[in-house]
Structure formats: structure tokens, C-alpha cells
Amino acid sequence: MIFLIGCDHRAAQTYAEGSGLDDPENNTQKEFKELLIKIIRTFYPELVAEEYDPDILKLQRRRSVAFEVASDLNICHRFCEPSPSDRCKRGIGDDLPFFGPCVPGDWYDRIANKQESFRHDVAHRWPIREEFWIEQLGEDIHKSILFLCGAGHRETFRAISL
């Protein structure tokens, strides 16, 4: 069984290296940690998995709340998001329109607005990424899993993971 938790990656799931959960700017992450601990103690998942690429965390100099909670509670943890090279191999590299931190100027010419870009991302890239998550879970897909993903993925991932 997969228990899905949808969250805001930056506002809850991760926090800056060099800071602590007791720092005022990390109140949401601290609350998220407490929530994860309660959920784990209620449902006893065998694996905590999340939509994140550990290399991106390193580049962004951020820490994963879920990874830390799983480590503290001696539960297996797995990052499941495809790396940039995995994305390119699957044809969903950064050449498709989305609004990330480094948007090439020509993307603005190819998309009318942010809503159109988001709909394109959901329709074309999300299913490929979500299938990758399932691949990363492998045989563990039959275990009790707590899976953290962006809030928007709750419905789309639920539809393919069953």
C-alpha cells in the first residue's frame, strides 16, 4: 500500500543547509517533520520515498526532512525523482516549456502563459516522471510505503500507482 502525502517541496519538504529546524524560517519544515513522525508511528511504513533527486538537493544546498525522519526512525528511505540525465534519456529534459529558475528566453515565445506551461508539464512530463518513481520503487512497491510528492501529483500518481 502506498500512502501519499502531497506537499510544497520548498515550503515543507526541504530546508537550507546550515540552518536548523528550530530556526524561525523553518517552522513549516519543523511542523512537517512532526507530522511525518506521527504518520509513520500510525501506519508503520516499511519505506519512506520521495519525489526528489539527491543531486538537486546538493546543488540547491538543501536538506530533506523525510530523509532525516526516516534515518532517525530507522526506516529505509529512497529518493525517486529522475536526475537531469535520466530526464533527457526519457525525452523530458529541460527542452519542454516550464518555468524553472533558469528559463531560456525563447521559451516565452513558445508558450502563451504559465497555465499553458503547467498543463503541458502535467500532461506530458508528469506521467513519465511518475512511471520512473514506480520503477525506482521496484519490488518494494508491494510493501507499505509512505511516498512524498508535490501536492499536484496526488491525483495523477494515485491513478497510475494502483
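Each remark here, short or long, concerns the structure printed above.
Report follows, based on the coordinates. Worth saying up front: this structure is predicted, and the values here are computed from it rather than measured.

### Some words on the overall build of the protein
If you tally the helices and strands in the protein, you get 8 helices and 6 strands. Secondary structure elements of the protein occur, N-terminal to C-terminal, as β-α-β-α-β-α-β-α-β-α-α-α-β-α. Burial statistics for the protein: of 162 residues in total, 41% are counted as buried. Restricting to contacts in the protein with at least 6 residues of sequence separation, those with at least 24 account for 74%. For the protein, the exposed area adds up to about 9,200 Å²; of that, 53% sits on carbon and sulfur atoms.

### As for the environment of Ser-19
Following the sequence through the fold, Ser-19 ends up in the loop between strand S2 (14-16) and helix H2 (27-43). Counting along the chain gives 43 residues from Ser-19 to Arg-62, while the straight-line C-alpha distance between them is 9.4 Å. A polar atom in the side chain of Ser-19 sits 2.6 Å from the backbone oxygen of Ala-16.

### Considerations on the pattern of salt bridges
The final tally for this structure, using the stated rule, is 10 salt bridges. The shortest N-O distance in the salt bridge between Glu-68 and Arg-63 comes to 2.7 Å. Salt bridges linked by common partners bring Glu-51, Glu-81, Arg-87 and Arg-129 together as one network.

### Observations concerning the nonpolar core
Ile-5, Phe-32, Leu-36, Val-48, Leu-146 and Leu-148 are the most contacted members of the largest nonpolar core, which has 18 residues in total. Of all the secondary structure elements, the ones that give two or more residues to this core are strand S1 (2-7), H2, helix H4 (65-72) and strand S6 (145-150). Counting residues in hydrophobic clusters, the runner-up holds 12 residues, among them Ala-49, Ile-134, Leu-137 and Phe-157.

### With respect to the packing of aromatic side chains
Throughout the structure, instances matching the rule amount to 5 aromatic pairs. Relative to Phe-79, the ring of Phe-67 lies with its centre 6.1 Å away and its plane at 15°, an arrangement referred to as stacked. With Phe-67 in helix H4 and Phe-79 in strand S5 (residues 76-79), this residue pair connects regions lying 12 residues apart in the sequence. A relative accessible area of 38% means that Phe-67 is categorised as partly exposed. With a centroid separation of 5.0 Å and 70° between ring planes, the pair formed by Trp-133 and Phe-157 is classed as edge-to-face. One end of the pair, Trp-133, is in helix H7 (residues 114-137); the other, Phe-157, is in helix H8 (residues 153-161), and 24 residues separate them in sequence. On the basis of relative accessibility, which here comes to 0%, the residue Phe-157 falls in the buried class. Three or more aromatic residues joined by ring pairs make a cluster, and in this case those are Trp-133, Phe-147 and Phe-157.

### Side note on the sheet that holds strand S3 (residues 47-50)
On the basis of which strands lie adjacent, the open sheet formed by 4 strands has the order S1-S6-S3-S5 and parallel pairing. Of all the strands in the sheet, just S1 and S5 have a single pairing partner and so form its edges. Pairs of neighbouring strands in the sheet enclose a mean axial angle of 20°, with direction left out of account. As defined by bridge partners, S3 adjoins S5 across 4 bridges and the pair is classed as parallel. Bridging from a neighbouring strand, Ala-49 pairs with Arg-78 of S5. Along the sheet, H4 makes contact with S3, S5 and S6, crossing S5 at roughly 160°.

Calculation rules
- Residues numbered from 1 in each chain as written.
- Predicted model: local features only at pLDDT ≥ 70, side-chain atom pairs only at ≥ 80, totals over all residues.
- Heavy atoms only, no water.
- Helix = DSSP H or I, 4+ residues; strand = E, 2+ residues; numbered from the N terminus.
- Buried < 20%, exposed > 50% of the residue type's maximum accessible area, 1.4 Å probe, protein only.
- Contact = heavy atoms within 4.5 Å.
- Areas by Shrake-Rupley, 256 points an atom, 1.4 Å probe, with all protein chains shown as cover.
- Polar contact = N/O pair within 3.5 Å; in protein donor to acceptor, adjacent residues only side chain to side chain.
- Salt bridge = Lys/Arg side-chain N within 4 Å of Asp/Glu carboxyl O.
- Core = buried A, V, L, I, M, F, W, Y, C linked by side-chain atoms within 4.5 Å.
- Phe/Tyr/Trp six-rings, centres within 6.5 Å; stacked < 30°, edge-to-face > 60°.
- Pairing = 2+ DSSP bridges.
- Axes fitted to C-alpha atoms, helices over the stretch in contact; angles between N-to-C directions.

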